[in-house]
Amino acid sequence: MPQPRASRAGQSGLCATPVWAGWMGMGRRDDPSAHRLLQILAVVLCLPAVSCQCRILKCNSEYLSATSGLHQGGEESLEFCVALRAYSQCTRRTARACRGDLAYHSAVHGIEDLMSQHNCSKVGPTHGPAPAQPTSPDSMVHSDAPETCNYEKSLAQQGRQANYTHCGLFGDPHLRTFSDDFQTCKVRGAWPLIDNNYLFVQVTNVAVVHSSSATAASKITIIFKSFQECVEQKVYQAETDDLPVAFVDGSRNGGDKHGANSLWVAEKAGGQHIEIQARYIGTTVVVRQAGRYLTFAIRMPEEIMNSFEENQGLQLCLRGCPTNERMDWALLQGSGHQDAPVHRSAAAKCKDKLPVEDLYFWSCVFDLLTTGDMNFTLAAYYALEDVKILHSNKDRFHIYHRTADLPPGNSCPEATVRHPLPFGLLLLLCWLCCSLPHL
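Residues numbered from 1 in each chain as written. Predicted model: local features only at pLDDT ≥ 70, side-chain atom pairs only at ≥ 80, totals over all residues. Heavy atoms only, no water.

1. A few points about the sheet that holds strand 5 (residues 199-207)
Quick note on the threshold: Two strands pair if DSSP finds at least two bridges between them. Only runs of H or I of at least four residues qualify as helices and only runs of E of at least two qualify as strands under DSSP, and these elements are numbered from the N terminus. All axes here are fitted lines through C-alpha atoms, helices being fitted over the stretch that makes contact, and every angle between N-to-C directions spans 0 to 180 degrees.
In spatial order, the strands read 4-5-6-7; together these four strands make up an open sheet with antiparallel pairing. The two strands at the open ends of the sheet, each matched to only one other strand, are strand 4 (189-195) and strand 7 (234-239). Going from strand to strand, the sheet's axes swing by 20° on average, the running direction of each strand aside.

2. Here's the deal with the sheet that holds strand 11 (residues 293-301)
Spatially, 8-9-10-11-1-2-3-12 is the arrangement adopted by the eight strands of the open sheet, whose pairing is antiparallel. The open sheet terminates on both sides in strands that have one partner only, identified here as strand 8 (263-269) and strand 12 (326-327). The pairing of strand 1 (residues 164-170) with strand 11 spans six bridges and is classified as antiparallel. If you follow Gly168 over to strand 11, its bridge partner there is Ala297.

3. Some remarks on the packing of aromatic side chains
We count it as follows: Paired rings are identified among Phe, Tyr and Trp, the last through its six-membered ring, by centres lying within 6.5 Å, and are further divided according to the angle between planes into stacked (under 30 degrees), edge-to-face (over 60) and tilted (the rest). The buried label goes to any residue with under 20% of its type's maximum accessible area, the exposed label to any with over 50%, and the partly exposed label to all in between, with areas taken from a 1.4 Å probe on protein chains only. Charge-over-ring contacts are defined here by two conditions on Lys NZ or Arg CZ: a distance within 6 Å of the ring centre and an angle within 35 degrees of the ring normal.
Considering all chains together, one arrives at 10 aromatic pairs under this definition. On the numbers, 5.4 Å between centres and 80° between planes, the contact of Phe182 with Tyr360 is edge-to-face. In this pair, Phe182 sits in strand 3 (residues 182-185) while Tyr360 sits in helix 11 (residues 359-371), placing the two residues 178 residues apart along the sequence. Relative accessible area serves as the criterion here: at 2%, Tyr360 is assigned to the buried category. Seen from their ring centres, Tyr293 and Phe376 are 5.8 Å apart, and the 25° between their planes marks the pair as stacked. Taken together, the residues span a long stretch of sequence, with Tyr293 in strand 11 and Phe376 in helix 12 (residues 375-390) at a distance of 83 residues. Considered together, Tyr293 and Phe376 belong to a single accessibility category, that of buried residues. An aromatic cluster of three or more residues is present, and its members are Phe170, Phe182 and Tyr360. A cation over a ring is seen here: Arg299 above Tyr164, with NZ or CZ 3.6 Å from the ring centre. Sitting over the face of the ring of Phe361, Lys351 holds its NZ or CZ atom 5.3 Å from the ring centroid.

Laid out in structure tokens, this is it:
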């Protein structure tokens, strides 16, 4: 496939503009550029630089979705007022977390200016997020869209068939790579899962329990890079308690290009499960929330997976976690621990959702023993369900053997078994210590 223009969200020229610049001169009544400036600001504020705790990103995204297609004047001014009241209500809900955030305060002042210009009452109906778009592929992609915007059709014309791969991340966190290696990693902070010529995916993991090295995903950022006449660059960002049904610019497809509907976001379960279809690269992305943490799964053609340069760096989905970031909990499967009451209780809870004792089952047991959070049972269950939908080989749904070759010191503290030295060996060591000075 032709190479797209590789770029990152952080390279946008908008980021170089002070966020307060858009409000200069906006106090004039009926200024036709005022609403457009608010939209531009909302896009800027949606970029990933905004704090993880401050939910202004969600407010911006919902406002852009609610006002897309509206024009100034006439009856649609009422719609602007409805959308602005909802925007204001959303900012009030996140006010405490956004205290001191420049992006948040700029948005609040901008809303006040526009409500004054449109003679909007602060009391009245509010506008919810835009209704979900249809999820049928046939209804989403124009019949006259370029063939290059449908990966499978393009291959079929060449007499070829796609070979698909799968990668998933869930729980504490457990990683299943494109090559079906299964690892448990520490990887605290931001780490790249995928970085190729078409797609960039980054996960941010935070500590789950202060006394443990266990982490889990609290944020997932996905960048779909601009590609020919199909899609513009789009950024999707999910955080705990915020799985938007839109990209960060408020749109729900690939932009204004002719094949834009070959990329779209669909909601499967409100606030809990979204799916992104990128037909132009034959890729499906699933993001879920289980409890306080996120899970990630992807189905991608091998050709797309391998489209990267060596200098594009680490990709956990491709190469796995660095060796010093991996954790070993294989001892949990030892007979000594299976008799422990706590272990038996955790195993019984996981067995309800995961009857097959594969690595998804043992991941569930590990997470329950480490955190005590029952939501990790759901994370493992949904991860396996995503495998059944996205993996191309049904014989590989279940994995029973983990990736080995771990460095010393990476064993799970909760699973470590300490055996006392035999008495005869202790006597031998004492004799050597006494005898060596005289030799």
